[in-house]
Amino acid sequence: MSFQWTEDLSTGVEDIDAQHRELIRHLNTLIDACSTQNGRDDIGRFLGYLGEYVAFHFAAEEREMTCYHYADLTAHEQEHEHFKKVVADLKRDFAEHGAGVNVVVMTIHSSCDWLVNHIKKTDKAMAAYLKDRTGK
């Protein structure tokens, strides 16, 4: 089982799509490790990556939205803040309880849910706006 990139996840903004594909690649590494009973070894690495990813990726999106005066910037930022909290909670749970099944399952579930729901709704709307403004 793995998470597949499909065109319905594409925003049409290459930098954003490339970052989303990279997140999916890392998520699939974790999912593959779980299928071979090694997920507990990889969860710490994935959570470290995820923390770095959200800081970098969200900052890049927010810079673009600010630069082009995106009307839904505040709502988009609130979604980012919510997911940053989810990631921080997962990292805290991992630090306190180790790589238990609950931490692994919640990490995969939260990441997949975020990818599908945030990209298909919020990021696509933002990307359409940015493409309209930039002509790209």
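Located above this text is the structure these notes cover.
None of the values given here were measured: they were computed from a predicted structure.

**Overview of the overall build of the protein chain**
Now for step 1: For the protein chain, the helix and strand inventory stands at four helices and zero strands.
Now for step 2: Secondary structure of the protein chain in N-to-C order comes out as α-α-α-α.
Now for step 3: Computed over C-alpha atoms, the radius of gyration of the protein chain comes to 15 Å, within 12% of the 14 Å expected from 2.2 N^0.38 for 136 residues, which places it in the range of a compact globule.
Now for step 4: Here the C-alpha coordinates of the protein chain stretch approximately 45 × 30 × 20 Å along the principal axes.
Now for step 5: Within the span of the protein chain, comprising 136 residues, buried residues form 42% of the whole.
Now for step 6: Across the protein chain, the fraction of contacts at a sequence separation of at least 24, relative to all contacts at a separation of at least 6, is 73%.
Now for step 7: Total accessible area on the protein chain is roughly 7500 Å²; 54% of this is exposed by carbon and sulfur atoms.

**Considerations on the packing of aromatic side chains**
Now for step 1: In this structure the tally under the stated criterion is five aromatic pairs.
Now for step 2: Note on Phe46 and Tyr49: the rings are 6.3 Å apart at their centroids and 45 degrees apart in plane angle, and the pair reads as tilted. Residue Phe46 and its partner Tyr49 are both found in helix α2 (residues 39-67); the two are separated by three residues, about one turn of the helix. Tyr49 carries the same exposure label as Phe46, and that label is buried.
Now for step 3: When the centroid spacing of 5.9 Å and the interplanar angle of 35 degrees are considered together, the rings of Tyr49 and Tyr53 count as tilted. Separated by four residues within a single helix, Tyr49 and Tyr53 lie in helix α2, roughly one turn from each other. Summarising the burial analysis for this pair, Tyr49 and Tyr53 share the class buried.
Now for step 4: Each residue in the set Phe46, Tyr49 and Tyr53 is aromatic and connected to the rest through ring pairs, giving one cluster.

**Quick notes on the environment of Leu9**
Now for step 1: Locating Leu9 in the fold gives a position in the segment before α1 (14-35).
Now for step 2: Sequence-wise, Leu9 and Arg21 are twelve residues apart; in three dimensions their C-alpha atoms are separated by 9.4 Å.
Now for step 3: Those residues in contact with Leu9, other than ones at most four positions away along the chain, are Phe3, Gln4, Asp17, Ile24, Leu115, Val116, Ile119, Lys120 and Lys124.

**Quick look at the packing of helix α3 (residues 73-97) against helix α4 (residues 101-134)**
Now for step 1: Viewed as axis vectors pointing N to C, α3 and α4 meet at an angle of 170 degrees, and their least axial separation amounts to 11 Å. Relative to α4, the element α3 is oriented roughly antiparallel. Contact residues: α3 offers His76, Glu79, His80, Phe83, Val86, Leu90, Asp93 and Phe94, while α4 offers Val103, Met106, Thr107, Ser110, Ser111, Trp114, His118, Thr122, Asp123 and Met126.
Now for step 2: Across the contact of α3 with α4, the residue classes tally to eight nonpolar, seven polar and three charged.

**Describing the layout of surface pockets**
Where empty space is left becomes clear once a probe the size of a water molecule has been rolled over the atoms.
Now for step 1: By volume, the largest pocket is sized at about 330 Å³.
Now for step 2: Listing elements by their share of the lining of the largest pocket, those giving two or more residues are α1, α2 and α4.
Now for step 3: No other element matches the five residues that α2 contributes to the lining of the largest pocket.

What counts, and at which threshold
Residues numbered from 1 in each chain as written. Predicted model: local features only at pLDDT ≥ 70, side-chain atom pairs only at ≥ 80, totals over all residues. Heavy atoms only, no water. Helix = DSSP H or I, 4+ residues; strand = E, 2+ residues; numbered from the N terminus. Rg over C-alpha atoms; globule rule 2.2 N^0.38 Å. Buried < 20%, exposed > 50% of the residue type's maximum accessible area, 1.4 Å probe, protein only. Contact = heavy atoms within 4.5 Å. Areas by Shrake-Rupley, 256 points an atom, 1.4 Å probe, with all protein chains shown as cover. Phe/Tyr/Trp six-rings, centres within 6.5 Å; stacked < 30°, edge-to-face > 60°. Axes fitted to C-alpha atoms, helices over the stretch in contact; angles between N-to-C directions. Parallel < 35°, antiparallel > 145°, perpendicular 65-115°, else oblique. Nonpolar A, V, L, I, M, F, W, Y, C, P; charged D, E, K, R; others polar. 1 Å grid on protein atoms, 1.4 Å probe; cavity = no way out; pocket = protein on both sides within 12 Å on 5 of 7 lines; lining within 4 Å. Points joined across faces, edges and corners; volume = space filled by probe spheres on them.

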